[in-house]
Amino acid sequence: MANTRRAACRALGALALCSSIGALALTTPGAYAQDKQITLGFAQVGAESAWRTANTESVKSAAADAKIKLKFSDAQQKQENQIKAIRSYIAQKVDVIAFSPVVESGWEPVLREAKAAKIPVILTDRNIDVKDTSLYVTMIGSDFMEEGRRGGHWLADHYKNDQGPINIAELQGTVGSAPANDRHSGLIEVIKSDPKFKIIASQSGDFTLAGGKQVMEAFIKTYGNKINVVYAHNDDMALGAIQAMEEAGMHPGKDITVVSFDATKGGFQAMAAGKMNVDVECSPLLGPQLMSAVKDVVAGKPLPKRILTEETVFPMSVAAQTLPTRKY
Ligand code: GZL
């Protein structure tokens with residue numbers, strides 16, 4: 001009899017303990033949030049390049065790994081579509097909104113709506129140009145100015161014993177986008193002090209292979225063999241330009257130096273084939289960092305305003321041995 005009474009007391013005690021922990025969890029701020037599945041609304045730029053495809057894959061797989069419910073939209077490179085997607089995430093009362101801004105300006109109104117709805121916003125990949133930086137929690141991505149400087153320094157070193165003139169044809173990314181603006185400005189910062197470098201042509205190919213090919217065909221028609229360097233803001237446009245140069249009987253990577261950005265597998269294959277001289281890395285694999293930031297925001301943890309991705313520069317000489325190790 002006594003044993004039965006003792007067992008009953010133990011069971012009652014355990015029940016009381018469980019219910020008090022349960023109550024504690026419900027009342028402790030943030031504790032409940034750890035149990036509720038987080039919903040993230042992500043407004044992607046589009047599907048314009050191999051980089052973007054890898055970036056989308058990274059976001060989707062990292063959300064699944066983190067057990068975060070992902071609402072995903074593709075804006076087909078149109079700002080109005082990204083704004084519509086963000087508004088729809090606000091209406092659905094998601095926990096966090098993240099997006100890769102297709103261009104730098106025009107975001108204040110919709111971000112003020114997100115702030116009024118108390119939904120935190122995280123920027124990934126590209127930055128925005130706003131006075132009120134309280135409109136977003138943090139920006140996760142590369143330093144495009146530094147990438148442009150790296151491209152410029154590689155050119156300065158490559159032509160250090162050449163008197164010039166060195167005529168550059170520039171294939172710019174999407175007009176108004178942070179990577180296009182900064183990869184251009186970073187190059188200028190380095191070469192402006194050396195008059196032998198001249199940008200004789202500069203036009204947007206919108207980060208696409210078709211755009212790069214079309215613009216390069218026009219550059220070849222106008223400037224022909226006067227072009228010494230093609231400076232392409234991403235691999236897709238560089239690969240399109242390489243096609244145009246080969247169709248015109250030119251030898252990209254040999255009689256025309258090709259500088260590109262992203263360091264995708266396509267870029268490595270072009271370098272291994274001797275058709276591209278250098279590829280400045282820009283990692284699209286931002287998914288894990290984004291999901292970690294989302295969880296921190298929901299848990300009320302402070303985040304730095306800028307989370308920088310580490311990257312490097314790959315010259316043609318290392319392409320063949322490095323290609324098998326590349327993840328995108
Ligand atoms: C850079 C990214 C750019 C890539 C392009 O972080 O925004 O957009 O360089 C992509 O390939 O289209």
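Presented here is a report on the structure given in the accompanying data block. Starting from 1, residues in each chain are numbered consecutively following that chain's sequence as written. At least 70 in pLDDT is required for a residue's local features to be given in this predicted model, at least 80 for side-chain atom pairs to be given and counted, and no such filter applies to totals for whole chains, interfaces and linings, which use all residues. Water and hydrogen atoms play no part in the side-chain values, which are based on all heavy atoms of the structure.

## Quick notes on the packing of aromatic side chains
Next, step 1: For Phe, Tyr and Trp, rings pair up if their centres lie within 6.5 Å, where Trp contributes its six-membered ring, and each pair is then called stacked (planes under 30 degrees apart), edge-to-face (over 60) or tilted (otherwise). Using the criterion set out here, one finds five aromatic pairs in the structure.
Next, step 2: A cation over an aromatic ring shows up here: Lys60 above the ring of Phe72, its NZ or CZ 4.4 Å from the ring centre.
Next, step 3: Here, over-ring charges are defined by two tests on the NZ atom of lysine or the CZ atom of arginine: distance to the ring centre within 6 Å, and angle to the ring normal within 35 degrees. When the ring centre of Tyr136 is taken as reference, the NZ or CZ atom of Lys305 above it lies at 4.6 Å.

## Observations regarding the site of the ligand
Next, step 1: Within the structure, the ligand sits among 13 residues, and Glu48, Asp125, Arg126, Arg183 and Asp262 are positioned closest to it.
Next, step 2: Here a polar contact means two N or O atoms within 3.5 Å. Within protein one must be a hydrogen donor candidate and the other an acceptor candidate, and residues neighboring in sequence count only if both atoms are side-chain atoms. Within the side chain of Asp125, an N or O atom sits 2.4 Å from an oxygen atom of the ligand.
Next, step 3: In isolation the ligand has 320 Å² of accessible area, and contact with the protein removes 100% of it.
Next, step 4: Method remark: on a 1 Å grid restricted to protein atoms, a set of points is classed as a cavity if a 1.4 Å probe fits but cannot get out and as a pocket if it is open with protein on both sides within 12 Å along at least five of seven lines; lining residues have an atom within 4 Å of a point. Being in a pocket or cavity means that more than half of the molecule's atoms lie within 2 Å of its grid points. In a pocket analysis with a 2 Å cut-off to the grid points, the ligand is assigned to the largest cavity.
Next, step 5: Numbered from the N terminus, helices here are DSSP runs of H or I no shorter than four residues, and strands are runs of E no shorter than two. If you list the elements that add at least two residues to the shell around the ligand, you get α3 (50–65) and α7 (178–191).
Next, step 6: Residues of the shell around the ligand, tallied by class, amount to five nonpolar, two polar and six charged.
Next, step 7: Domain start and stop positions are those given by an automatic or database domain assignment. Taken domain by domain, the shell around the ligand gets at least three of its residues from each of domain 1 (37–142 + 284–310) and domain 2 (144–282). If even one non-hydrogen atom of a residue comes within 4 Å of a molecule or strand, that residue is called near it. Only the protein chains shown count as cover for residues, with accessible areas throughout obtained via the Shrake-Rupley method and a probe of 1.4 Å. Residue classes follow a fixed rule: Ala, Val, Leu, Ile, Met, Phe, Trp, Tyr, Cys and Pro count as nonpolar, while Asp, Glu, Lys and Arg count as charged, and any other residue, Gly among them, counts as polar.

## A few points about the sheet that holds strand β1 (residues 39–44)
Next, step 1: For two strands to pair, DSSP has to find at least two bridges joining them. With parallel pairing, the six strands of this open sheet are ordered in space as β2-β1-β3-β4-β5-β11. Each edge of the open sheet carries a strand with a single partner, namely β2 (69–74) and β11 (306–308). Taking the axes of each pair of neighbouring strands and ignoring which way they run, one obtains an average angle of 20° across the sheet.
Next, step 2: As judged from the six bridges shared by β1 and β2, these two strands associate in the parallel manner. Across the sheet, the residue bridging to Ala43 is Ser73, located in β2.
Next, step 3: The contact definition used throughout considers only heavy atoms, calling two residues in contact when any of these lie within 4.5 Å. Axis definition: a line fitted to C-alpha atoms, over the contacting stretch in the case of helices. Angles run 0 to 180 degrees between N-to-C directions. Sitting on the sheet, α3 touches β1 and β2, and the angle it makes with β2 is about 160°.

## Topic: the pattern of salt bridges
Next, step 1: Here, a salt bridge means any side-chain nitrogen of Lys or Arg that lies within 4 Å of a carboxyl oxygen of Asp or Glu. Per the stated rule, a full pass over the model turns up 17 salt bridges.
Next, step 2: Here Glu48 makes a salt bridge to Arg126, at a shortest N to O gap of 3.9 Å. Of this pair, Glu48 sits in the loop between β1 and α3 while Arg126 is found in the loop between β4 (121–124) and β5 (138–141), placing the two residues 78 residues apart along the sequence.
Next, step 3: Note on Glu48: relative accessible area 10%, which makes it buried.
Next, step 4: Looking at Arg126, the relative accessible area reads 2%, which means it is buried.
Next, step 5: Measuring nitrogen to oxygen at the nearest pair gives 2.8 Å for the salt bridge that ties Lys213 to Glu247. Type-normalised accessible area, obtained with a 1.4 Å probe on protein chains alone, sets the label of each residue: buried when under 20%, exposed when over 50%, and partly exposed for intermediate values.

## Points about the sheet that holds strand β6 (residues 166–172)
Next, step 1: Taken together, the six strands give an open sheet; going across it, the order is β7-β6-β8-β9-β10-β12, and neighbouring strands pair in mixed fashion. Taken across any chain shown, the strands that pair with only one partner, and hence form the sheet edges, are β7 (197–204) and β12 (313–315). Looking at each pair of strands side by side, their axes are set apart by 15° on average, direction ignored.
Next, step 2: In this structure, strand β10 (residues 278–281) lies alongside β12, joined through three bridges in antiparallel fashion. Counted as the bridge partner of Val280 is Val313 from β12.
Next, step 3: Packed onto the sheet, helix α6 (residues 144–158) meets β6, β7, β8 (229–232), β9 (257–262), β10 and β12 and runs at close to 160° relative to β9.

## Quick word on the environment of Arg52
Next, step 1: Take Arg52: it is sitting in helix α3.
Next, step 2: Sequence separation between Arg52 and Leu285 is 233 residues, and the spatial gap between their C-alpha atoms is 9.9 Å.
Next, step 3: When neighbours within four sequence positions are excluded, Arg52 is seen to be in contact with Gln44, Val45, Gly46, Ala47, Ser100, Asp125 and Arg126.
Next, step 4: A distance of 2.8 Å separates polar atoms of two side chains, one belonging to Arg52 and the other to Glu48.

## Brief notes about α6
Next, step 1: Given a helix with a known number of residues, its expected span is that number minus one, times 1.5 Å. Given a rise of 1.5 Å per residue, 15 residues ought to cover 21 Å, and the 21 Å separating the end C-alpha atoms of α6 matches this to within 8%.
Next, step 2: By the N-cap criterion, in which a side-chain oxygen at the helix start approaches the backbone nitrogen of a residue two or three places on, α6 is capped by Asp143, the distance to Met145 being 3.1 Å.

## Quick notes on the nonpolar core
Next, step 1: Only buried Ala, Val, Leu, Ile, Met, Phe, Trp, Tyr and Cys residues count toward a nonpolar core, and they belong to the same one when joined by side-chain atoms within 4.5 Å. Judged by nonpolar contacts, the single largest core of 29 residues is most densely connected at Leu171, Met216, Phe219, Ile227, Val230, Met245 and Met276.
Next, step 2: Secondary structure elements with two or more residues in this core: β6, α8 (209–223), β8, α9 (235–247) and α10 (265–272).
Next, step 3: Looking at which element gives the most residues to this core, the answer is α9, with six residues.
Next, step 4: Residues contacting Phe219, with those up to four places away along its chain left out, are Ala169, Glu170, Leu171, Ala201, Ser202, Gln203, Gly224 and Ile227.
Next, step 5: The next biggest cluster of nonpolar side chains, apart from the first, holds 24 residues, and it includes Ile86, Tyr89, Ile97 and Ile128.

Don't take any of this as a statement about function, it's just geometry.
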